[in-house]
Amino acid sequence: MKLKALTTVAVLAAATLIGVPAAPASADDAFYTPPAPLPAGSPGDIIKSQPSRYDNSTATRIMYLSRDAKDQPIPVTGTVFVPTKAWGGPGPRPVVAYAPFTAGMGDQCAPSKTLAGEGQNDIVAIFQKGYIDRLLDKGIAVAQTDYEGLGTPGDHPYVMRLSEAHTVLDVLRAAKRLPAAGLPADGPAGIVGYSEGGGASASAAELASTYAPELNIKGAYAGAPPADKAKLAKSLDGSLYAAFAGYSLIGIQTSYPEADIPGLANDQGKKLFEEAAKTCTLDGMLKYMFMQTKSLTRDGRPIADYLDQAPFDKIVAENRIGTLKPAMPVEIQHSPFDDVIPQEIGKQLAKDWCAKGANVTFDGALIASPVFAHITGAVTAPATAAAWMNDRFQDKPVTGNCGSF
């Protein structure tokens, strides 16, 4: 109990030190309601748009077509940021798809809301801004996705590979189809993400050559990617970040309703499903800190015990990142002290890609404090991500470091 109390105090103290923004403005909820039926079109087509707000840029909120894990059409929202700063590199202005890290599960947590000072604009929005600001400062446009089910109807399929890859690649398409952005269809593009976003970035990098081969993607950066969900099911269970395990269960049920996770849950588990789906990250962390998944199941088994049996074995395999070769150079950055996603997961992803002949750079050096390494890594990673992507747009060669880690 002493450890739990001390950890809770530490998390709250960190939030206080960083500062939680003042009460946000209300979002335009009507914008997040998609037309019914959805219009016919191709992935990346813009359904509607409206001006948004963000410093040092012209920001446009968009709703665009994408595909879910079952390859069905879905509406997705996001934001396109065109910097006021000119692009000083070769060729036309590049655009980077920013895949946000865990914002939460409730519609009020959608990054296109919180980045504009709307929705539940908690501490996470401050961290998200770091990635966007670093890119804008280099004259690079940013296309940010909310992913499936954040803002739009339905639950968010948290860390589900296919849905997140599709929404990331399609926000690049949408940005290039937004007339006001002035981004040519064949112009240079990139992908950046950390944590949940690192997994989404890595997934998009793998699928780009088949799902969106027309995109001129120069590189992809993946920070602390959750590539192996089976290992995370064990490491997150009962931890400070146990909420993310609960979010993952909602994600599985959203993309794979045949899993019937509610049918395995006891009353406490069913209550979690209802309540966790409405929380944002900090709320969820504090509410479900040290939760053990064996307390959620009817038979008292932890979730990890189910993953080698049908249908979960196939679901876990389908969501494993590292089975396909990215066609572009990729960088993986992962702290050795990561307390949410163990570094061995990111390193194994790098090794898997290297074995397939990909151009991989793995950075496993200390990028964060040993305490709360995952969170502090989210503060230090934007500078590396922006610099690495800028080098790709400057046509600087990169040969990777396969075989050295």
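Predicted model, so just to flag it, every value in this text is computed and none were measured.

Peer 1: Can you break down unusual backbone geometry residue by residue, with the values?
Peer 2: Look at the link from Ala36 to Pro37: it is a cis peptide, with omega at 0°. Here Pro37 is to be found in the loop between helix 1 (2-18) and strand 1 (46-51). The omega torsion across Ala310 and Pro311 is -5°, close enough to zero to call that bond cis. Relative to the helices and strands, Pro311 resides in the loop between helix 10 (281-288) and helix 11 (312-318). Unusually for a residue other than glycine, Val159 sits at a positive phi of about 50°. Along the chain, Val159 falls in the loop between strand 5 (141-145) and helix 4 (161-177).

Peer 1: Explain the pairing of strand 9 (residues 360-363) to me, and be specific about the residues and the numbers.
Peer 2: Two faces belong to every sheet, and in a regular strand the side chains alternate between them. Across four bridges, strand 8 (residues 330-333) lies against strand 9 in parallel orientation. Counterpart to Gln333 in the pairing with strand 9 is Asp363. Crossover connection from strand 8 via helix 12 (residues 343-355) to parallel strand 9: handedness right-handed.

Peer 1: So what's going on with the sheet that holds strand 9? Which residues, and what values?
Peer 2: An order of 1-2-3-5-4-6-7-8-9 is seen for the nine strands of this open sheet, with the pairing classed as mixed. In the strand order of this sheet, the two ends are held by strand 1 and strand 9, each with one partner. Averaged over neighbouring strand pairs, the angle between their axes works out to 20° when direction is ignored. The strands touched by helix 4 within the sheet are strand 1, strand 2 (57-67), strand 3 (73-83), strand 4 (95-99), strand 5, strand 6 (188-194) and strand 7 (216-223), with strand 2 carrying the most contacts at an inclination of about 130°. Across the face of the sheet, helix 13 (residues 373-393) comes into contact with strand 4, strand 6, strand 7 and strand 8 while running at roughly 170° to strand 6.

Peer 1: Give a detailed account of the pattern of salt bridges, specifying residues and quantitative values.
Peer 2: Going through the model one piece at a time under the given rule, you end up with 15 salt bridges. We note a salt bridge from Lys113 to Asp29, for which the minimum N-O separation is 3.9 Å. Remark: Asp29 occurs in the loop between helix 1 and strand 1 and Lys113 occurs in helix 2 (residues 111-114); sequence separation between them is 84 residues. Owing to a relative accessible area of 53%, Asp29 belongs among the exposed residues under this scheme.

Peer 1: Describe the state of the cysteines, naming the residues involved and giving the relevant values.
Peer 2: As enumerated under the stated definition, the model contains two disulfides in all. Shown here is the disulfide that connects Cys109 with Cys280, its sulfur atoms set 2.1 Å apart. Taking the sign of the S-S torsion, -100° for the link of Cys109 and Cys280, the bridge is left-handed. With Cys109 in the loop between strand 4 and helix 2 and Cys280 in the loop between helix 9 (267-276) and helix 10, the pair connects residues that are 171 residues apart, well separated along the chain. There is a disulfide in this structure between Cys354 and Cys402, and the S-S distance comes to 1.9 Å. Disulfide Cys354-Cys402: the torsion about the S-S bond is -80°, which places it as left-handed. Here Cys402 lies in the segment after helix 13 and Cys354 lies in helix 12, a separation of 48 residues in the sequence. Going through the chain in sequence order and numbering each bonded cysteine, the pairs you get are 1-2, 3-4.

Peer 1: How would you explain the environment of Pro370 if you had to name every residue and give the values?
Peer 2: Examined against the element boundaries, Pro370 turns out to sit in the loop between strand 9 and helix 13. Sequence separation between Pro370 and Asp338 is 32 residues; the distance between their C-alpha atoms is 7.7 Å.

Peer 1: So what about empty space enclosed by the protein? Which residues, and what values?
Peer 2: Considering all chains together, one arrives at five cavities of 30 Å³ or more under this definition. Residue assignment for the lining of the largest cavity shows that the elements contributing at least two residues are helix 6 (229-236), helix 7 (242-255) and helix 11. Ranked by residues supplied to the lining of the largest cavity, first place goes to helix 7 with five residues. For the lining of the largest cavity, the residue count by class is 18 nonpolar, five polar and two charged. What the second largest cavity holds in volume is close to 120 Å³. Forming the walls of the second largest cavity are 14 residues, and the residues nearest its centre are Leu249, Ile261, Leu264, Thr297 and Ile303.

Peer 1: Tell me about the packing of aromatic side chains, and please be specific about residues and values.
Peer 2: Between two aromatic rings, the relevant description is the distance of the centres plus the angle of the planes. Applying the stated criterion across every chain yields a total of 12 aromatic pairs. Pairing Phe101 with Tyr131 gives two aromatic rings, centres 6.1 Å apart and planes at 65°, and the pair type is edge-to-face. With Phe101 in the loop between strand 4 and helix 2 and Tyr131 in helix 3 (residues 123-136), the pair connects residues that are 30 residues apart, well separated along the chain. No difference in accessibility class separates Phe101 from Tyr131, as the two residues are buried. Between Phe362 and Phe405 the ring centres are 5.0 Å apart and the planes differ by 40°, which places this aromatic pair in the tilted class. Of the two residues, Phe362 is situated in strand 9 and Phe405 in the segment after helix 13; the sequence distance between them amounts to 43 residues.

Peer 1: Report on the packing of helix 3 against helix 13, specifying residues and quantitative values.
Peer 2: One can describe the packing of helix 3 onto helix 13 by two numbers: an axis separation of 8 Å at closest approach and a directional angle of 10°. Viewed along their axes, helix 3 and helix 13 adopt a mutual orientation that is roughly parallel. When helix 3 is examined against helix 13, the residues Phe127, Gly130, Tyr131, Arg134 and Leu135 are found in contact with a partner set consisting of Ile375, Gly377, Ala378, Val379, Ala381, Pro382, Ala383 and Ala386.

Peer 1: Explain helix 9 to me, using residue names and the numbers behind them.
Peer 2: Restricting attention to buried positions, one finds in helix 9 the residues Gly269, Leu272, Phe273 and Ala276. Taken around the axis of helix 9, the buried residues stretch over an arc of 100°, which confines them to a single face. Across from the buried face of helix 9, at angles greater than 90 degrees, the exposed residues are Asp267 and Glu274. On the buried face of helix 9, the contacting elements are helix 7, helix 8 (261-264) and helix 10. The opening residue of helix 9 is Asn266, an N-cap whose side-chain oxygen sits 3.1 Å from the backbone nitrogen of Gln268.

The rules behind the values
- Residues numbered from 1 in each chain as written.
- Predicted model: local features only at pLDDT ≥ 70, side-chain atom pairs only at ≥ 80, totals over all residues.
- Heavy atoms only, no water.
- Helix = DSSP H or I, 4+ residues; strand = E, 2+ residues; numbered from the N terminus.
- Pairing = 2+ DSSP bridges.
- Right-handed = clockwise from strand over helix to strand, strands pointing away.
- Axes fitted to C-alpha atoms, helices over the stretch in contact; angles between N-to-C directions.
- Contact = heavy atoms within 4.5 Å.
- Salt bridge = Lys/Arg side-chain N within 4 Å of Asp/Glu carboxyl O.
- Buried < 20%, exposed > 50% of the residue type's maximum accessible area, 1.4 Å probe, protein only.
- Disulfide = S-S within 2.5 Å.
- 1 Å grid on protein atoms, 1.4 Å probe; cavity = no way out; pocket = protein on both sides within 12 Å on 5 of 7 lines; lining within 4 Å.
- Points joined across faces, edges and corners; volume = space filled by probe spheres on them.
- Nonpolar A, V, L, I, M, F, W, Y, C, P; charged D, E, K, R; others polar.
- Phe/Tyr/Trp six-rings, centres within 6.5 Å; stacked < 30°, edge-to-face > 60°.
- Parallel < 35°, antiparallel > 145°, perpendicular 65-115°, else oblique.
- Arc of directions from axis to C-beta.
- Polar contact = N/O pair within 3.5 Å; in protein donor to acceptor, adjacent residues only side chain to side chain.

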